[in-house]
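Each chain, written out:
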Amino acid sequence: MGDEKKPKPATSGVWSTVKPFVNGGASGMLATCVIQPIDMIKVRIQLGQGSAAQVTSNMLKNDGIGAFYKGLTAGLLRQATYTTARLGSFRILTSKAIEANDGKPLPLYQKALCGLTAGAIGATVGSPADLALIRMQADATLPAAQRRHYTNAFHALYRIVSDEGILALWKGAGPTVVRAMALNMGMLASYDQSVEFCKDSLGLGEVATVVGASSVSGFFAAACSLPFDYVKTQIQKMQPDAEGKYPYTGSLDCAVKTFKAGGPLKFYTGFPVYCVRIAPHVMMTWIFLDQIQKLEKSRGL
């Protein structure tokens, strides 16, 4: 008879569905607040403004400490859309796959497929905020006449829609989605696989497992996604020349021209900085997510 005293499955049902999305978005936004300055430096290195040390000293000298947090609103909006969608959908996809697998752990290829799908969903939802973020970060590097002077993410989105039309919000969405699929396949599948390995094979404790698995996850996220990130950044920041012609006709054209100009290693331009940017964000996201889940457990959520 004790089982009949639970009249609130409707609310708990809604919360259990929404929870992975809320947790994913919150952990991504907290991680972004920590990582944003490194992201600014990465974008400027990719735009050819020198080494990490040169870029940092130039930014401090010319624009002060605020320069490192330029585009923070877009970064947070991106996490609120992209990470909410990708981490939430990954958890739902993997739990459905585990159900179909009679509760047994998933093989790596199934985790990778869930990661690919979650990445595509997240990137499609988050693409407008991603475009706003790239535009805001690259704005200071443009000649004064070409600057767009966005004040925040919502102003950037409003201007993009009014100047270029609604579909312009998904400009460069192809490479964004492909990059997100590669990154999330590397990040999500390797994290779950590493957690199983650290716990079952190495017998590590909870903290060591989260730190170890999130480090592995960060490395694979960076290694899988940098070539796509390089192409995506080139496409999103390109400006037409005096005759109105763009340097690249699309992602494939950009990839081919880059390969011809500098070989395969050209796509890994700035890999150490990119790794330092991506890996800590991935690590911080997993660590914040772990802490949020612990807090919810302690509160009985």
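Residues numbered from 1 in each chain as written. Predicted model: local features only at pLDDT ≥ 70, side-chain atom pairs only at ≥ 80, totals over all residues. Heavy atoms only, no water.

## Notes on the state of the cysteines
- Taken as a whole and assessed by the stated rule, the structure comprises zero disulfides.
- In this structure C275 is a free cysteine whose sulfur lies 11 Å from that of C224, the closest cysteine sulfur available.
- Among the residues examined, C275 registers a relative accessible area of 16% and is labelled buried. (Disulfide = S-S within 2.5 Å. Buried < 20%, exposed > 50% of the residue type's maximum accessible area, 1.4 Å probe, protein only.)

## Thoughts on the side chain of S89
- Take S89: it is sitting in helix α3 (residues 72–100).
- Within the local environment of S89, its side chain forms a polar contact with the backbone oxygen of R86, the two atoms lying 3.3 Å apart.
- Once residues within four sequence positions are removed from consideration, S89 is found in contact with F21, A118 and I121. (Helix = DSSP H or I, 4+ residues; strand = E, 2+ residues; numbered from the N terminus. Polar contact = N/O pair within 3.5 Å; in protein donor to acceptor, adjacent residues only side chain to side chain. Contact = heavy atoms within 4.5 Å.)

## Looking at helix α8 (residues 251–262)
- In this model, α8 (twelve residues) spans 16 Å end to end at C-alpha, consistent with the 16 Å of a helix rising 1.5 Å per residue.
- Looking at α8, one finds that the buried residues are D253, C254 and T258. End-on, the buried residues of α8 take up no more than an arc of 130 degrees, which puts them together on one face. Residues of α8 that are exposed and angled more than 90 degrees away from the buried face: L252 and K260.
- For α8, the elements touching its buried residues are α7 (206–237). (Expected span 1.5 Å × (residues − 1). Arc of directions from axis to C-beta.)

## Considering the nonpolar core
- Core analysis: the biggest nonpolar cluster contains 26 residues, and L183, M187, L188, I278 and W286 have the highest contact counts within it.
- Those elements that provide at least two residues to this core are α3, α4 (108–139), α6 (173–201), α7 and α9 (271–298).
- Excluding its chain neighbours within four sequence positions, the residues that come into contact with I278 are R179, L183, G218, A221 and A222.
- With 14 residues, the next largest nonpolar core counts L77, L133, L157 and L169 among its residues. (Core = buried A, V, L, I, M, F, W, Y, C linked by side-chain atoms within 4.5 Å.)

## Thoughts on the pattern of salt bridges
- Scanning the entire structure with this criterion turns up nine salt bridges.
- The salt bridge partner of K111 is E196, with a shortest N-O separation of 3.0 Å. Of the two residues, K111 is situated in helix α4 and E196 in helix α6; the sequence distance between them amounts to 85 residues.
- Assessed through its relative accessible area of 2%, K111 is described here as buried. (Salt bridge = Lys/Arg side-chain N within 4 Å of Asp/Glu carboxyl O.)

## Description of α6
- Here α6 is 29 residues long and its end C-alpha atoms lie 40 Å apart, about the 42 Å a rise of 1.5 Å per residue gives.
- The first or second residue beyond α6 is G203, which carries a positive phi of 65 degrees.

## Here's the deal with a nonpolar patch on the surface
- Together, V161, I166, L167 and W170 make up an exposed nonpolar region whose accessible area comes to about 410 Å².
- Within the fold, W170 resides in the loop between α5 (153–164) and α6.
- Its relative accessible area of 38% is what places W170 among the partly exposed residues. (Patch = residues over 30% accessible without salt bridge, like charges linked within 9 Å, V, L, I, M, F, W, Y side chains within 5 Å. Areas by Shrake-Rupley, 256 points an atom, 1.4 Å probe, with all protein chains shown as cover.)

## Some details on the environment of F219
- Along the polypeptide, F219 turns up in helix α7.
- Note on F219: relative accessible area 41%, which makes it partly exposed.
- Once the C-alpha coordinates of F219 and P143 are considered, the two residues, 76 residues apart in sequence, prove to be 35 Å apart.
- For F219, the residues in contact, after removing those within four places along its chain, are F271, C275 and A279.

## Focus on the packing of aromatic side chains
- Applying the stated criterion across every chain, the model contains five aromatic pairs.
- Measuring from centroid to centroid gives 6.5 Å for F219 and F271, while their planes differ by 90 degrees, and the two rings are edge-to-face. You can see F219 sitting in helix α7 and its partner F271 sitting in helix α9, a full 52 residues away along the chain.
- Taking 6.3 Å as the distance between ring centres and 80 degrees as the angle between the ring planes, the aromatic pair formed by Y230 and F267 counts as edge-to-face. With Y230 in helix α7 and F267 in the loop between α8 and α9, this residue pair connects regions lying 37 residues apart in the sequence. Take Y230 and F267: they sit in the same class, and that class is buried. (Phe/Tyr/Trp six-rings, centres within 6.5 Å; stacked < 30°, edge-to-face > 60°.)

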